[in-house]
Amino acid sequence: MTMRPIRIIGDPVLRTPCETVTSFDAELRALVTDLMDTLLGAPGRAGVAAPQIGVSARVFVYDADGHRGHLVNPTLELSTELQDDDEGCLSIPGLYFPTPRALHATAHGFDQHGEPRTITGSGFLARALQHETDHLGGTLYVDTLRGDTRRRALREIRAGRYDSPRRR
């Protein structure tokens, strides 16, 4: 089992759009394994995206609402109906803010062997799919916040009010 350290806000890899995966090879399968080991290696994790372990590749793993898997080169179709629940991120440990997201999401992509894959979810699974796909574009959930919630989040981040500024 290879549980990789999670990159924390401030690391440039988290703000850089990831490269599209073009080779569905042993290196990709090893990355998916490391991502899944990192996801399952600590309780309470719903997803891990490749940039969170320092890899610029459009890949993430998820474990939400009884669905577990991975997706390579995902694209999203989102409902117009919204949900507004608290959201957190392993890369900004300990901070949670109400974050608007689409209530329903369908993610299209590929598995580690290059076979087409589609996953559709509502509620928490939809939130996880959106959150992890955002990571692949260099976006953190706090970037989607607005108004007083955004100001409060940025203040707490600047003050270092999260679990630890180190990798975990």
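Rules behind the numbers
Residues numbered from 1 in each chain as written. Predicted model: local features only at pLDDT ≥ 70, side-chain atom pairs only at ≥ 80, totals over all residues. Heavy atoms only, no water. Helix = DSSP H or I, 4+ residues; strand = E, 2+ residues; numbered from the N terminus. Rg over C-alpha atoms; globule rule 2.2 N^0.38 Å. Buried < 20%, exposed > 50% of the residue type's maximum accessible area, 1.4 Å probe, protein only. Contact = heavy atoms within 4.5 Å. Areas by Shrake-Rupley, 256 points an atom, 1.4 Å probe, with all protein chains shown as cover. Lys, Arg positive; Asp, Glu negative; His and termini not counted. Charge placed at Lys NZ, Arg CZ, Asp CG, Glu CD. Expected span 1.5 Å × (residues − 1).

A. How the structure looks around the overall build of the protein chain. A count of helices and strands for the protein chain gives three helices and seven strands. In the protein chain, the order of α-helices and β-strands from amino to carboxyl end is α-β-β-β-β-β-β-β-α-α. In summary, the protein chain has a C-alpha radius of gyration of 15 Å against a globular reference of 15 Å for 168 residues, a match within 12%. Looking at the protein chain as a whole, 49% of its 168 residues qualify as buried. Expressed as a percentage of contacts within the protein chain between residues at least 6 apart in sequence, the contacts between residues at least 24 apart total 68%. Accessible surface computed for the protein chain: about 8100 Å², of which carbon and sulfur atoms make up 49%. If you average the places of the 20 positive and of the 22 negative side-chain charges in the protein chain, the two averages end up 8 Å apart.

B. Seen up close, helix 2 (residues 123-136). With 14 residues, helix 2 should cover 20 Å at 1.5 Å per step; its first-to-last C-alpha distance of 21 Å lies within 8% of that length. In terms of burial, helix 2 is a largely internal element, twelve of the 14 residues being buried. Directly after helix 2, the chain includes G138, whose backbone phi takes a positive value near 80 degrees.

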